[in-house]
Amino acid sequence: MTETAQHPSNTRRVFAIISHPDAGKTTLTENMLLAAGAIHQAGQVAARGQRRRTQSDWMKIEQERGISVSSSVMTFEHRGLVFNLLDTPGHEDFSEDTYRTLTAADCAVMVLDAAKGIEPQTLKLFEVCRLRDIPIITFVNKFDREARDVFETLSEIEDKLALDVVPMQWPCASGRRFKGMAELGTNMFLPFTAEGEHGAPIAFGSDDMAAFIDDADLCEEFSEEAELAREYGEFNEQSFNEGHMTPVYFGSALKKFGVLQLIDALAKFAPGPQVEKCIKNGQEATVAPSDKTVSGFVFKVQANMDPNHRDRVAFLRLSSGVFKRGMKLKNTENKTISVHNPILFFAQDRELAELAYAGDVIGIPNHGVLRVGDSLSESGKIKFAGIPNFAPELLRRARLSDPLKAKHLRKALESLAEEGVTQLFKPAMGSDMIVGAVGSLQIDVMAERIKTEYGLEVVFEQSMYQVARWVVSDDPAALQAFINKNQGAIAEDLDGAPVLLAKSQWDVSYAADKNPDLRFLKIKERS
């Protein structure tokens, strides 16, 4: 066996869960951890009181509203593999956070509501996966409730997502009539019990299965549909890895039915860490997981996960090498960071990471040194593709009830902007601070976090500006001339890059027509 084949990174699997809000993503996350033995009791998003405190949703606003608004990382083991689960926000207002998280994933689980199929946010997130050719495993959820025709759902996946589908299981009815599902590969039937978790498997088509279903017409219909499902063809691993084919699983995350089978599918099909493109010493190159040099990139920064310690943690996806606690890493600006207390995550629980390998996600406590998109390596000469910033769709002016705390507010806004919660623009004239967001829920989350974590009462008012565009040019003189001429509409982002704040898209188009040497960008790579 080769040294590469023996490398510990081959036991790592990094996957994200994507879905439309309310498709059951967080419930699935909780019960995957429970099924794998990582936790002893799953929180329930729709439950009340203390039962509502899910493991992956740790923010106050997440627990109150029953939604995920921040990516979290959880590590668990199953079948000799180490899984790093990246739980992403489902709400469209946090699509940027989801995009950043997907840059760290090698596979995705797409969760669909059995009654609704592909919803708008699912489609958007799928397109992000397609941009990176991420392999997708589909889980059709909520069969304990009334579902639409399964063939219709599969057809929709084929038509809307242009994916070949291969059902690996087949459900027997839904809602109150739901009896379980057939495992098409093993020819076994998994009975659905009143408690939710399946009983002992039964041979498909046997008298025992017929006795359990206890409805001759339903049993016959189920058997016929399962045979039709086999006509979809064989699963092709290469097609799956290239992002062209998706295996489809069914179940009920709330009832813990089908969850263990989904984890088994991840263990069987999800690819390990991949070779990644990078710039090394100014030249295009690649980094392999088995390379000796430790390297990785920051895809998320989170402040105040522990409010008692005002912590600030950068989430580093390792791309190569064997990381050891205490190791010194450098960013591309040759700034050295000594990593004395690297963290492995399990929602709010943490433990020190003595060793970590390509495919692991570690947390690096720091005081604002690391930002989203930073590349780290032992040499400081490896740079991975940057993570983009998207132009905000909402611009708001931050106003404090106590003007004497303006300095504290600026610090809070800068800290949250560095996390990627929102964007912050500082106008060249005046003392206003303009916050940019994709949607209004982002603004609500920011206000809540500033109140909870920084003790500041802040109001986000309508801004006179409606559009923000980054201004770039290959001619520095032309760029500076434009900035000097339009001081009242120019701001800087967190990186110090010039931004045009406009009252309408017409103003942007006019500026572009009058300044052909300049480009007004909706997307900017984080520096």
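Everything that follows concerns the structure shown earlier in this document.
Residues numbered from 1 in each chain as written. Predicted model: local features only at pLDDT ≥ 70, side-chain atom pairs only at ≥ 80, totals over all residues. Heavy atoms only, no water.

Q: Even after reading the chapter, I still don't get the sheet that holds strand S10 (residues 202-203), so can you show me in this structure?
A: Within a sheet, neighbouring strands are paired by backbone hydrogen bonds and run either parallel or antiparallel to one another. Strands sit in the order S7-S8-S9-S10 across an open sheet of four strands; the sheet is antiparallel. Strand pairing shows two members of the sheet lacking a second neighbour, strand S7 (169-172) and S10, which therefore form its edges. Sheet topology note: the strand S9 (residues 188-191)/S10 ladder contains two bridges and is antiparallel. Counted as the bridge partner of methionine 188 is alanine 203 from S10. (Pairing = 2+ DSSP bridges. Helix = DSSP H or I, 4+ residues; strand = E, 2+ residues; numbered from the N terminus.)

Q: So what exactly am I meant to see when it comes to the state of the cysteines here?
A: Two cysteines, two sulfur atoms, one covalent bond between them: this is a disulfide. Within this structure, the stated rule accounts for zero disulfides. Among the cysteines around cysteine 129, which has no disulfide bond, cysteine 107 carries the closest sulfur, lying 9.0 Å off. (Disulfide = S-S within 2.5 Å.)

Q: Please explain the pairing of strand S4 (residues 107-113) as it appears in this structure.
A: In the case of a regular strand, side chains alternate between the two sheet surfaces. Most of S4 sits out of view: seven of its seven residues are buried. Taking every second residue as pointing to the same face, both faces of S4 are buried, with Cys107, Val109, Val111 and Asp113 on one and Ala108, Met110 and Leu112 on the other. Relative to S4, strand S1 (residues 12-19) is paired through five bridges, and the arrangement is parallel. Residue pairing in the sheet places alanine 16 in a bridge with alanine 108 of S4. With six bridges connecting them, S4 and strand S5 (residues 136-141) associate as parallel partners. When the bridges of S5 are listed, valine 109 appears paired with isoleucine 137. (Buried < 20%, exposed > 50% of the residue type's maximum accessible area, 1.4 Å probe, protein only.)

Q: Explain helix H2 (residues 25-35) to me, please; I cannot follow it from the model alone.
A: Within an α-helix, residues lying three or four positions from one another point in the same direction, as the helix has 3.6 residues per turn. Counting buried positions over the eleven residues of H2 gives nine, a clear majority of the element. Of the positions making up H2, those classed as buried are Lys25, Thr26, Thr27, Leu28, Thr29, Glu30, Asn31, Met32 and Leu33. Residue glycine 37 follows H2 closely and has a positive phi angle near 85°.

Q: Explain the nonpolar core to me, please; I cannot follow it from the model alone.
A: Looking at soluble globular proteins, one finds that nonpolar side chains tend to be buried together. Among the nonpolar cores identified, the biggest contains 80 residues, and Leu86, Phe222, Phe299 and Phe323 are the most heavily contacted of them. The contact partners of phenylalanine 222, leaving out residues within four places of it in the chain, are Trp170, Pro171, Cys172, Met181, Ala182, Phe189, Phe204, Met209 and Ile213. Residues Ile17, Ile137, Met168 and Met245 belong to the second largest nonpolar core, which totals 31 residues. (Core = buried A, V, L, I, M, F, W, Y, C linked by side-chain atoms within 4.5 Å. Contact = heavy atoms within 4.5 Å.)

Q: Before we go on, may I ask you to explain the sheet that holds strand S33 (residues 518-521) in this structure?
A: Strand order in this open sheet of eight strands is S29-S26-S28-S27-S31-S32-S30-S33, and the pairing throughout is antiparallel. Each end of this open sheet is capped by a strand with a single partner; those strands are strand S29 (458-462) and S33. Neighbour to neighbour, the strand axes of the sheet diverge by 40° on average, direction disregarded. Running over the sheet, helix H11 (residues 406-419) touches strand S26 (394-400), strand S27 (423-427), strand S28 (434-437) and S29 and is turned about 135° from S27. (Axes fitted to C-alpha atoms, helices over the stretch in contact; angles between N-to-C directions.)

Q: Which parts of the structure should I look at to understand the packing of aromatic side chains?
A: The relation between two aromatic rings is expressed through the spacing of the ring centres and the mutual angle of the planes. Applying the stated criterion to the full structure yields 20 aromatic pairs. With centroids separated by 4.7 Å and ring planes inclined at 40°, the aromatic side chains of phenylalanine 151 and tryptophan 170 adopt a geometry described as tilted. Taken together, the residues phenylalanine 151 in helix H6 (residues 150-161) and tryptophan 170 in strand S7 connect sequence positions 19 residues apart. Classification of tryptophan 170 as buried rests on a relative accessible area of 0%. With 6.2 Å between their ring centres and 65° between their planes, phenylalanine 299 and phenylalanine 315 make a pair best called edge-to-face. Here phenylalanine 315 lies in strand S15 (residues 312-320) and phenylalanine 299 lies in strand S14 (residues 295-303), a separation of 16 residues in the sequence. An aromatic cluster is defined as three or more aromatic residues linked by ring pairs; in this entry it consists of Phe143, Phe151, Trp170, Phe178, Phe192, Phe250 and Phe257. When the ring centre of phenylalanine 204 is taken as origin, the NZ or CZ atom of arginine 230, which lies over that ring, is 5.9 Å away. Its guanidinium or amino end placed over the ring of phenylalanine 315, lysine 300 lies 5.7 Å from that ring's centre, counting from NZ or CZ. (Phe/Tyr/Trp six-rings, centres within 6.5 Å; stacked < 30°, edge-to-face > 60°. Lys NZ or Arg CZ within 6 Å of the ring centre and 35° of its normal.)

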